[in-house]
Amino acid sequence: MNREHKCLALFSGGLDSILAVKHMEKLGYQVIPVFFETPFFEATSALKAAQSNAIDLKVINVMPEYLHVLKNPRYGYGKNMNPCVDCHGFMFRKAAEMMKEYGADFLISGEVLGQRPKSQRKDSMNAVAKLSGVKDLLVRPLCQRFLSDTLPIREGWVDKAELLDIQGRGRYRQIELAREYGVEEFQSPAGGCKLTDIKYSRKLKDLLEHDQINDKNIKYLNYGRHFRLNDNTRLVVGRNMAENEHLSLMPVGELVVKAVDYHGPLGIICKDGEIDNTEIEMAARIVLRYNNKVDGISEVGWGKNFALNNIIKLEKYTPEEVEDLMIK
Ligand code: SF4
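Residues numbered from 1 in each chain as written. Predicted model: local features only at pLDDT ≥ 70, side-chain atom pairs only at ≥ 80, totals over all residues. Heavy atoms only, no water.

Colleague: Sorry if this is basic, but what is going on with the packing of helix α4 (residues 84–102) against helix α5 (residues 122–132) here?
Modeller: To characterise two packed helices, one gives the angle between the axes of the helices and the distance between these axes. Relative to each other, α4 and α5 sit at 40 degrees, their axes nearing to 7 Å. By the angle class used here, α4 and α5 are oblique. Of the two possible hands of crossing, α4 and α5 adopt the one that is right-handed. Across from V85, D86, H88, G89, F92 and R93 in α4, the residues of α5 making contact are S124, A127, V128, L131 and S132. For the contact of α4 with α5, the class distribution of residues is five nonpolar, four polar and two charged. (Axes fitted to C-alpha atoms, helices over the stretch in contact; angles between N-to-C directions. Helix = DSSP H or I, 4+ residues; strand = E, 2+ residues; numbered from the N terminus. Parallel < 35°, antiparallel > 145°, perpendicular 65-115°, else oblique. Left-handed = near helix turned anticlockwise from the far one by under 90°. Contact = heavy atoms within 4.5 Å. Nonpolar A, V, L, I, M, F, W, Y, C, P; charged D, E, K, R; others polar.)

Take a look at the structure:
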């Protein structure tokens, strides 16, 4: 068979995507693996997995386009804020847009039929194909034997008999293949996607509901406890020294609150626009609440750019009062 047709591969860094690439390469095809990066799924681990498996990975940033998928997924969310079916459809569509640039003739991905409850059922895989708008160009090397023939197969660019018939949640076949292809380093399934994390998702959902998604607020999602003071204002409080340090490195101009006489958590008030006294007082009482050394009333410094030269004296919130404000 002539193997002159090139394919573009959707690559996540997970074992299945590595195996799909390796299998097609072993058959003699030129494969161009791409990783679509968002702040919710960064490329670091995928790059590591690619590097240790001699895969030349291209990383493409797809924000802010991806926000449309996240805000309004046609097929809904998984357990958390992960819109897996729409996300896959979007990524195939992006990959299809890149085909011409890279001289690719078809697309591949490492999906395995029946492996994930929502995104890898046959109907979901059909939905992905439909959403992508490039249904006829998709080949799934690990399970294509169970799927309808697409153009690359009908045209004889790819021989279906050389593709695989892996299905179900068991990982035995994949482990065997990994041994055969010498794959040792890979990312756990969906391991890199923050949208599958319950706590991260709750904070993100709150941002979406208040229409406050922007680069800065998305960065804050990685750190701290989050509190909603009112519809316009949130507070982020560091949970430990490392988080306080990360928060200290966030953009200048933020209004910071911190107990004056004691080491302890740092709070950053997030709001577009003027921050009023009530908000500062609420933030200060929350910060005191998470400072174990403070007993009752204490002084809190606040100001912009870590110049905490405004001082207020307040009583810390009770656990119940804080509970009502926490985003959880
Ligand atoms: S786990 Fe995350 S990156 Fe993967 S398909 Fe779902 S939403 Fe997209």
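Colleague: Whenever I open this one, a positive patch on the surface confuses me. Can you help?
Modeller: A surface patch of like charges, here positive, comprises R74, R93, K130 and K135. Overall, K130 belongs to the exposed group, its relative accessible area being 60%. (Patch = residues over 30% accessible without salt bridge, like charges linked within 9 Å, V, L, I, M, F, W, Y side chains within 5 Å. Areas by Shrake-Rupley, 256 points an atom, 1.4 Å probe, with all protein chains shown as cover. Salt bridge = Lys/Arg side-chain N within 4 Å of Asp/Glu carboxyl O. Lys, Arg positive; Asp, Glu negative; His and termini not counted. Charge placed at Lys NZ, Arg CZ, Asp CG, Glu CD. Buried < 20%, exposed > 50% of the residue type's maximum accessible area, 1.4 Å probe, protein only.)

Colleague: Explain helix α11 (residues 277–289) to me, please; I cannot follow it from the model alone.
Modeller: In an α-helix, one turn spans 3.6 residues, which is why side chains three or four residues apart end up on the same side. Taking 1.5 Å of rise per residue, the 13 residues of α11 would be expected to cover 18 Å, and the 18 Å separating its terminal C-alpha atoms lies within 8% of that figure. The N-cap of α11, judged by a side-chain oxygen 3.2 Å from the amide nitrogen of T278 a few residues on, is D276. (Expected span 1.5 Å × (residues − 1). Polar contact = N/O pair within 3.5 Å; in protein donor to acceptor, adjacent residues only side chain to side chain.)

Colleague: What is the right way to read the pattern of salt bridges from this model?
Modeller: Close approach of charged atoms lets side chains of opposite charge pair. Here the structure, examined in full by the defined rule, presents 20 salt bridges. The partner of K48 in a salt bridge is E185, and the shortest N-O contact between them spans 3.6 Å. A residue pair is termed long-range when its members are at least 10 positions apart, and K48 in helix α2 (residues 44–52) and E185 in the loop between α7 (172–181) and α8 (198–209) qualify at 137 residues. When the shortest N-O distance is used, the salt bridge between D206 and R228 registers 2.8 Å. A residue pair is termed long-range when its members are at least 10 positions apart, and D206 in helix α8 and R228 in strand β6 (residues 225–230) qualify at 22 residues. The same class applies to D206 and to R228, which are both buried. One network of salt bridges, with partners in common, ties together E65, K94 and E97.

Colleague: Explain the sheet that holds strand β3 (residues 58–61) here, please?
Modeller: Paired through backbone hydrogen bonds, the strands of a sheet run either parallel or antiparallel to each other. Read across the sheet, five strands follow the order β3-β2-β1-β4-β5 without closing on themselves; strand pairing throughout is parallel. Edge strands, defined here as strands with exactly one partner in the open sheet, are β3 and β5 (138–139). Examined bridge by bridge, strand β4 (residues 106–108) and β5 share two bridges and lie parallel to one another. Bridging from a neighbouring strand, L107 pairs with L138 of β5. (Pairing = 2+ DSSP bridges.)

Colleague: Hey, could you run me through the domain arrangement of the protein in this one?
Modeller: Interface size is often expressed as the accessible area that is lost when the parts come together. If you check the domain split of the protein, you get domain 1 (7–193) and domain 2 (197–325). With centres defined by C-alpha atoms, the gap from domain 1 to domain 2 works out at 39 Å. Tallying the contact residues gives nine residues for domain 1 and ten residues for domain 2. On the domain 1 side of the contact with domain 2, F40, N80 and M81 bury the most area, a combined 57% of that side's loss. If you look at where domain 1 meets domain 2, you find zero salt bridges. The tally of links from domain 1 across to domain 2 stands at one residue pair in polar contact (both at pLDDT 80 or more). (Domains from an automatic or database assignment. Buried area = accessible area lost by both parts, 1.4 Å probe.)

Colleague: Would you mind going over the sheet that holds strand β9 (residues 267–270) with me for this structure?
Modeller: Ordered by their spatial adjacency, six strands build an open sheet running β6-β7-β9-β8-β10-β11, and the pairing between neighbours is antiparallel. Two strands bound the open sheet, and with one partner strand each, they are β6 and β11 (310–315). Averaged over all pairs of adjacent strands, the angle between strand axes in this sheet comes to 25 degrees, irrespective of strand direction.

Colleague: Is there a simple way to think about the side chain of R140 in this case?
Modeller: Counting through the fold element by element, R140 comes out in the loop between β5 and α6 (151–154). Residue classification places R140 among the buried positions, given a relative accessible area of 6%. Discounting chain neighbours no more than four positions away, the residues touching R140 are F92, S109, E111, M125, V128 and L147.

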